Amino acid sequence: MTGALTHFWRRAVQTARLLIGVPDYGTYVEHMRRHHPERPVMSYADFFNERMQARYRSGGGRCC
């Protein structure tokens, strides 16, 4: 039961972060290591900046 609860909690936290726009660096690192081991993994700062640029690049801001 503890394993199922832990899995649920991690998914709930990940979903909450996505809803408020916080990128999930841990998921990115895991994906890169599993599916693209030949590519370098970005640092957290580079990853965060890239995600923010992707989010707001096309005038996606909601102000006015």
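Refer to the structure presented above.
Residues numbered from 1 in each chain as written. Predicted model: local features only at pLDDT ≥ 70, side-chain atom pairs only at ≥ 80, totals over all residues. Heavy atoms only, no water.

K.L.:
I'm lost on the overall build of the protein chain in this one. Help?
P.N.:
A tally of regular secondary structure across the protein chain gives three helices and zero strands. Beginning at the N terminus, the succession of helices and strands in the protein chain can be written as α-α-α. The proportion of buried residues among the 64 residues of the protein chain is 11%. Accessible surface for the protein chain amounts to roughly 5,600 Å². Of this, 58% is attributable to carbon and sulfur atoms. (Helix = DSSP H or I, 4+ residues; strand = E, 2+ residues; numbered from the N terminus. Buried < 20%, exposed > 50% of the residue type's maximum accessible area, 1.4 Å probe, protein only. Areas by Shrake-Rupley, 256 points an atom, 1.4 Å probe, with all protein chains shown as cover.)

K.L.:
Can you help me understand the layout of surface pockets in this one?
P.N.:
Empty space left among the atoms is revealed by rolling a probe the size of a water molecule over them. Reported here for the largest pocket is a volume of approximately 280 Å³. Forming the boundary of the largest pocket are His7, Arg10, Arg11, Val13, Gln14, Arg17, Asp24, Gly26, Thr27 and Glu30. For the lining of the largest pocket, the secondary-structure elements that each account for two or more residues are helix 1 (2-20) and helix 2 (25-35). Here the lining of the largest pocket takes six residues from helix 1, the largest share from any one element. In terms of residue class, the lining of the largest pocket is built from one nonpolar, four polar and five charged. (1 Å grid on protein atoms, 1.4 Å probe; cavity = no way out; pocket = protein on both sides within 12 Å on 5 of 7 lines; lining within 4 Å. Points joined across faces, edges and corners; volume = space filled by probe spheres on them. Nonpolar A, V, L, I, M, F, W, Y, C, P; charged D, E, K, R; others polar.)

K.L.:
Help me understand a nonpolar patch on the surface in this model?
P.N.:
On the surface, a nonpolar cluster with roughly 320 Å² of combined accessible area is contributed by Leu19, Ile20 and Val22. As for its placement among the helices and strands, Leu19 is situated in helix 1. (Patch = residues over 30% accessible without salt bridge, like charges linked within 9 Å, V, L, I, M, F, W, Y side chains within 5 Å. Salt bridge = Lys/Arg side-chain N within 4 Å of Asp/Glu carboxyl O.)

K.L.:
Honestly, the pattern of salt bridges in this entry has me stumped. Any pointers?
P.N.:
Oppositely charged side chains can form a pair if their charged atoms are brought close together. The full count for this structure, using the stated rule, is two salt bridges. With a shortest N-O distance of 3.3 Å, Arg34 and Glu30 are connected by a salt bridge. Of this pair, Arg34 and Glu30 both sit in helix 2, four residues apart, which is roughly one turn of that helix. Given a relative accessible area of 62%, Arg34 falls into the exposed group. With relative accessibility at 43%, the residue Glu30 sits in the partly exposed group. Across the pair Glu50 and Arg51 runs a salt bridge, and its minimum N-O distance is 2.9 Å.

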